[in-house]
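Chain by chain, the residues:
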Amino acid sequence: GAGVSQSPSNKVTEKGKDVELRCDPISGHTALYWYRQSLGQGLEFLIYFQGNSAPDKSGLPSDRFSAERTGGSVSTLTIQRTQQEDSAVYLCASSLAPSDGELFFGEGSRLTVL
Amino acid sequence: GQQLNQSPQSMFIQEGEDVSMNCTSSSIFNTWLWYKQDPGEGPVLLIALYKAGELTSNGRLTAQFGITRKDSFLNISASIPSDVGIYFCAGRQYGNKLVFGAGTILRVKS
């Protein structure tokens, strides 16, 4: 597709379950980012992938959070043993190059943990 | 760590008025960006600034990259109802992740 695609758009899960969120970046974009946005809040950086370099994981809030990017394209954000405070919109973005500040965002995956 | 202080947090304005918001930091950035987020959607880029002192316009929007490289402002002229949304500033140091301000919620009185 032409833009960043995220799935699912909405996910409701029970506390303690694992969830996987998927991001398809724009074709040819080498940089991929995950951000978290809690209700009425700004964007909290989670993780950043750039080509084959080691990802910048400095924003992951706990070891329950992990992400991978296969083949330099699709990325999956996994949250294990979900907690209620994990409820938020998880936004994925991609950019053409690391020095290119113009991030293009997907519409986000809204996660609700009951 | 890198922090962007964005103000105001929220504002109500009268349709037709001009709006101004800004972002400051104690760190130097090489790139400043302004995004707008509509409800239920991801942020969309409005203006990108790459050079200190740069002043860039996009329709009714004008943004400037502060000369110290530690701040930026966004002006919206003659606001209209569809300007409602959340505006985010974002800054990048070369090779590093993009960090975002907390956002300015814009509400317009029609």
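Refer to the preceding data block for the structure.
### A short note on unusual backbone geometry
So, point 1. Across the junction of Ser 7 of chain A and Pro 8 of chain A, the peptide omega takes the value -5 degrees, indicating a cis bond.
So, point 2. Mapped onto the elements, Pro 8 of chain A comes out in the loop between strand 1 (5–7) and strand 2 (10–13).
So, point 3. For the bond from Ser 7 of chain B to Pro 8 of chain B, the omega torsion is -5 degrees, close enough to zero to count as cis.
So, point 4. With respect to the helices and strands, the residue Pro 8 of chain B is situated in the loop between strand 1 (5–7) and strand 2 (10–14).

### Things to note about the pattern of salt bridges
All names here are of chain B.
So, point 1. A full pass over the atoms with the stated rule returns five salt bridges over all chains.
So, point 2. Notably, a salt bridge pairs Lys 36 with Asp 38, separated by 3.2 Å at the nearest N-O pair.
So, point 3. Among the residues examined, Lys 36 registers a relative accessible area of 12% and is labelled buried.
So, point 4. A relative accessible area of 31% places Asp 38 in the partly exposed class.
So, point 5. Here Arg 60 makes a salt bridge to Asp 83, at a shortest N to O gap of 2.8 Å. With Arg 60 in the loop between strand 6 (55–58) and strand 7 (61–65) and Asp 83 in the loop between strand 8 (71–76) and strand 9 (85–92), the pair connects residues that are 23 residues apart, well separated along the chain.
So, point 6. The class of Arg 60 is partly exposed, set by a relative accessible area of 30%.

### Overview of the pairing of strand 8 of chain B
A regular strand carries its side chains on alternate faces of the sheet.
Residue and element names in this part refer to chain B.
So, point 1. Judged by which residues are buried, strand 8 turns out to be one-sided: Ser 72, Leu 74 and Ile 76 face inward and are buried, whereas Asp 71, Phe 73 and Asn 75, on the alternate face, are not.
So, point 2. As paired elements, strand 3 (residues 19–24) and strand 8 share six bridges and run antiparallel to each other. Across the sheet, Val 19 pairs through a bridge with Ile 76, a residue of strand 8.
So, point 3. In the sheet, strand 7 pairs with strand 8 via five bridges, with the strands oriented antiparallel. If you follow Ala 63 over to strand 8, its bridge partner there is Leu 74.
So, point 4. Taking the residues that link successive antiparallel strands as the turn, the strand 7-strand 8 hairpin has five residues, and the phi of Arg 69 there is positive, at about 70 degrees.

### Some words on the state of the cysteines
All names here are of chain B.
So, point 1. Under the criterion given, the structure shown has two disulfides over all chains.
So, point 2. Across the disulfide, Cys 23 is cross-linked to Cys 89 (sulfur-sulfur distance 1.6 Å). You can see Cys 23 sitting in strand 3 and its partner Cys 89 sitting in strand 9, a full 66 residues away along the chain.

### A closer look at the layout of surface pockets
Rolled over the atoms, a probe with the dimensions of a water molecule shows which regions are left empty.
So, point 1. In this structure, the largest pocket encloses a volume near 620 Å³.
So, point 2. Taken together, 33 residues form the lining of the largest pocket, with Gln 37, Gly 40 and Arg 110 of chain A together with Gln 37 and Ile 86 of chain B sitting closest to its centre.
So, point 3. Of all the elements in the fold, those that place two or more residues in the lining of the largest pocket are strand 8 (88–95) and strand 10 (109–113) of chain A together with strand 9 and strand 11 (104–109) of chain B.
So, point 4. With four residues, the single largest contributor to the lining of the largest pocket is strand 10 of chain A.

Rules used throughout
Residues numbered from 1 in each chain as written. Chains lettered and ligands numbered in written order. Predicted model: local features only at pLDDT ≥ 70, side-chain atom pairs only at ≥ 80, totals over all residues. Heavy atoms only, no water. Helix = DSSP H or I, 4+ residues; strand = E, 2+ residues; numbered from the N terminus. Salt bridge = Lys/Arg side-chain N within 4 Å of Asp/Glu carboxyl O. Buried < 20%, exposed > 50% of the residue type's maximum accessible area, 1.4 Å probe, protein only. Pairing = 2+ DSSP bridges. Disulfide = S-S within 2.5 Å. 1 Å grid on protein atoms, 1.4 Å probe; cavity = no way out; pocket = protein on both sides within 12 Å on 5 of 7 lines; lining within 4 Å. Points joined across faces, edges and corners; volume = space filled by probe spheres on them.

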